[in-house]
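Summary of the model geometry
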Amino acid sequence: MTVTYTSEVTTSTGLGCFLKLLRRWRGSIYKIVWADLILFLGLYYALNLSYLYAMNQYTKEHFVKVVNYCARNGNLIPLSFVLGFFVNIVYSRWWSQFQAIPYPDNVALLIGANIKGQDERARIVRRTIVRYICVTFTFTLTLMSPKAKKRFPTLNHFVDAGLFTKEEKKIFEDLNNEYPNYTKNWLPLAWAANITTRARHEGIIRDDCSVKCILEQINIFRSKCGEMLAYDWISIPLVYTQVVTIAVYTYFLITVIGNQFIEVDKKYVDRLIFSFPFMPVLEFFFYMGWLKVAETLINPFGEDDDDFDVVWMIDRHIQVCYLLVDKIHQDHPKLKKDYYWQQTAPDTLPFTVASQQYMKDTPVQSAEKLQVKKTDQDLIIREEVSHHRPRSLWGSLGNVLFSNRRRGDNKYCLRRIAVDDNAEIFDEVNTYEEEGPNKIKVPIFVKTNCNENVEEFECLRKQRLEHQRAKLLKYMELLKANKGQDGAQIVKAIIK
């Protein structure tokens, strides 16, 4: 079961908000590190006593060299980088696995809203569809969670729990014997989809849109279950996990040796025996606790204290689904006027005495109180400045090479627009609806920034019209001059 402590850290006021959590044992660092810490201290004192009482002078000299070498080169292992990157990957994967857990609430709501009827047939359809959905979720968990597998070790336990019937169990086993290499957790969802389409043909579901929505939610639920199995199937590469584990345990083996006291004076013997390696132990807590966090989070469907509550989820899903499609199906409180019927919307909801300190808590936007100077409120526009000055070859080449450095020189100038210049015009336009269209005389705005090619285009258009007019006059003269000839000959002459 997940260890929850948020109720104890609702406020950070006072001395040490997190200090109160240090006395907890379940899910704590002490519970996951104590065995490794005992091994660390046992190895440390075993080497310490061996150095004092079991080694001769020749062995002590070589042991001192090893201690000095470990103390000098122990920090060459990049433990912080390797371990920090690994824990970051494991934590991201852990949270993604939690988000992949499917909830059948949406599909149960759609089934309860679209499969109507209080008769026995409609009720059987609704309950059977959600039961198959919950069976899929439970069977998926038995494939990846030891807690779920211990609760439902065989299909007979599904039958005893009321999730499967004996006929459904037989169909499931026959298909599994025929195709043994693939998991069949998707089979109940296929049954649920088939029942949905059959309910549409029988008229229990009234329209195709409802069928489409229900099938879409079933597919989403199936995708979530498949994603859970994919996380269980594809793990973090074993090589990286081995590298991190070897790096941590090698580092602390070197630390055990490198932090030995090597004084040989007899008056230091008692100090050597009863000395406690405080700093190495503190370092051990940090790094080994970091590694244990990764070991705990790498499989959140296991049996650790902080693993997901999958056993509770199984019961929760089946209860919620049956309630939504059966007990509260088409049921709601009596409709009547609400408390604020006369005032449309309340100014504020009432507070209790304990919550009166929050009465004036309202959000303030970051730029809400920002004041802009009056002189900086005028509008400006950007106008392009054309440069027709010819450039040399070196000037063009320099412009290309150093264009990024001259990004600030955008060849634009800014022209200020007085905000109040056209104030009267806009005021007259806004009074259009009050005084009518015949009483308003809106001056024509001055056209600015006309296209330079407009005049040239107009000249070309006039020349073309004149040319067409001349051709038509020529055709008319040709027709008048040849009144006695055949029409076909006239047309040929016009074409020529």
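Residues numbered from 1 in each chain as written. Predicted model: local features only at pLDDT ≥ 70, side-chain atom pairs only at ≥ 80, totals over all residues. Heavy atoms only, no water.

With respect to the overall build of the protein chain
Helix and strand content of the protein chain: 19 helices and 2 strands. Classification of the 496 residues of the protein chain by burial places 28% in the buried group. Relative to all contacts within the protein chain whose residues are 6 or more apart in sequence, the contacts with residues 24 or more apart total 74%. Of the accessible surface of the protein chain, which amounts to about 36300 Å², a share of 58% is contributed by carbon and sulfur atoms. (Helix = DSSP H or I, 4+ residues; strand = E, 2+ residues; numbered from the N terminus. Buried < 20%, exposed > 50% of the residue type's maximum accessible area, 1.4 Å probe, protein only. Contact = heavy atoms within 4.5 Å. Areas by Shrake-Rupley, 256 points an atom, 1.4 Å probe, with all protein chains shown as cover.)

Examining the pattern of salt bridges
Two side chains carrying opposite charge are able to pair once their charged atoms lie near each other. Tallied over the entire structure, the rule returns 15 salt bridges. With a shortest N-O distance of 3.1 Å, glutamate 202 and arginine 198 are connected by a salt bridge. On the accessibility criterion, glutamate 202 (37% relative accessible area) is partly exposed. Each of Asp36, Lys292 and Glu295 takes part in one network of salt bridges that share partners. (Salt bridge = Lys/Arg side-chain N within 4 Å of Asp/Glu carboxyl O.)

Side note on the layout of surface pockets
The volume enclosed by the largest pocket comes to roughly 1200 Å³. When residues of the lining of the largest pocket are traced back to their parent elements, those giving at least two are α1 (29-54), α3 (79-99), α13 (278-297) and α14 (310-327). Across the lining of the largest pocket, the residue classes break down as 19 nonpolar, 7 polar and 9 charged. (1 Å grid on protein atoms, 1.4 Å probe; cavity = no way out; pocket = protein on both sides within 12 Å on 5 of 7 lines; lining within 4 Å. Points joined across faces, edges and corners; volume = space filled by probe spheres on them. Nonpolar A, V, L, I, M, F, W, Y, C, P; charged D, E, K, R; others polar.)

Considering the UniProt feature "transmembrane region" (unreviewed entry) in the protein chain
Taking the UniProt record as the reference, the feature "transmembrane region" (unreviewed entry) is found at residues 32-54, 74-91, 129-146, 238-257 and 269-290. Secondary structure content for residues 238-257 is 100% helix and 0% strand, and the end C-alpha separation is 29 Å. (UniProt positions renumbered as here; feature names shortened; annotations may be inferred.)

Digging into the environment of glutamate 61
Assignment of secondary structure puts glutamate 61 in helix α2 (residues 57-73). Overall, glutamate 61 belongs to the partly exposed group, its relative accessible area being 43%. Residues glutamate 61 and isoleucine 262, 201 residues apart in the sequence, show an inter-C-alpha distance of 9.7 Å.

Comments concerning the packing of aromatic side chains
With the rule as written, the count across this model stands at 25 aromatic pairs. With centroids separated by 5.1 Å and ring planes inclined at 40°, the aromatic side chains of phenylalanine 152 and phenylalanine 158 adopt a geometry described as tilted. Neither phenylalanine 152 nor phenylalanine 158 differs from the other in exposure class; each is buried. Here the aromatic cluster, defined as three or more aromatic residues joined through ring pairs, consists of Tyr132, Phe139, Phe152, Phe158, Phe164, Phe172 and Trp191. Geometry around tyrosine 51 places lysine 60 over its ring, the cationic atom sitting 5.5 Å from the centre. (Phe/Tyr/Trp six-rings, centres within 6.5 Å; stacked < 30°, edge-to-face > 60°. Lys NZ or Arg CZ within 6 Å of the ring centre and 35° of its normal.)

Observations concerning helix α5 (residues 120-142)
For an α-helix the count is 3.6 residues per turn, leaving residues at separations of three or four pointing the same way. Helix length check: α5, at 23 residues, gives a terminal C-alpha distance of 32 Å against a target of 33 Å (1.5 Å per residue), a fit within 8%. The element α5 is largely enclosed, with a buried count of 18 among its 23 residues. (Expected span 1.5 Å × (residues − 1).)

So, unusual backbone geometry
Phi angles above zero are rare outside glycine, and glutamine 330 is one such case at about 55°. Structurally, the position occupied by glutamine 330 is in the loop between α14 and β1 (379-384). Note on glutamine 330: relative accessible area 43%, which makes it partly exposed. For threonine 344, which is not glycine, the phi dihedral falls at a positive 65°. Tracing the backbone through its elements, the reader meets threonine 344 in the loop between α14 and β1. Taking relative accessible area as the criterion, threonine 344 reaches 74% and is therefore assigned exposed.

Re a nonpolar patch on the surface
Judged by side-chain polarity, Phe276, Phe278, Met279, Leu282 and Phe286 come together as a nonpolar surface patch covering roughly 560 Å² of accessible area. Mapped onto the fold, phenylalanine 278 is located in helix α13. (Patch = residues over 30% accessible without salt bridge, like charges linked within 9 Å, V, L, I, M, F, W, Y side chains within 5 Å.)

Brief notes about the state of the cysteines
As enumerated under the stated definition, the model contains 0 disulfides in all. Not part of a disulfide, cysteine 213 finds its nearest cysteine sulfur in cysteine 209, a span of 4.3 Å. What makes cysteine 213 partly exposed here is its relative accessible area of 27%. (Disulfide = S-S within 2.5 Å.)

Brief notes about the confidence of the model for the protein chain
With 79% of its residues at a pLDDT of 70 or more, the protein chain shows a mean pLDDT of 81. Confidence over residues 444-450 falls short of pLDDT 50; this stretch has 1 contact with residues more than four positions distant or in other chains. (pLDDT = per-residue confidence, 0-100.)

Some points on the environment of arginine 121
Here arginine 121 lies in helix α5. The partly exposed category is assigned to arginine 121, whose relative accessible area is 38%. When the C-alpha positions of arginine 121 and isoleucine 204 are compared, they lie 8.7 Å apart, and in sequence the two are 83 residues distant. If we ignore the near neighbours within four places in the chain, the residues touching arginine 121 are Arg198, Glu202 and Ile204.

Regarding helix α9 (residues 187-201)
Helix length check: α9, at 15 residues, gives a terminal C-alpha distance of 22 Å against a target of 21 Å (1.5 Å per residue), a fit within 8%. Two residues or fewer after α9 comes glycine 203, characterised by a positive phi angle close to 85°.

Description of the packing of α3 against α13
Interhelical geometry of α3 versus α13 gives an angle of 25° and a closest axis separation of 9 Å. Viewed along their axes, α3 and α13 adopt a mutual orientation that is roughly parallel. As for the relative orientation of α3 and α13, their crossing is left-handed in sense. Across from Leu79, Ser80, Leu83, Gly84, Phe86, Val87, Val90, Tyr91 and Trp94 in α3, the residues of α13 making contact are Tyr287, Trp290, Leu291, Ala294 and Leu297. Taken together, the residues that form the contact of α3 with α13 break down as 12 nonpolar, 2 polar and no charged. (Axes fitted to C-alpha atoms, helices over the stretch in contact; angles between N-to-C directions. Parallel < 35°, antiparallel > 145°, perpendicular 65-115°, else oblique. Left-handed = near helix turned anticlockwise from the far one by under 90°.)

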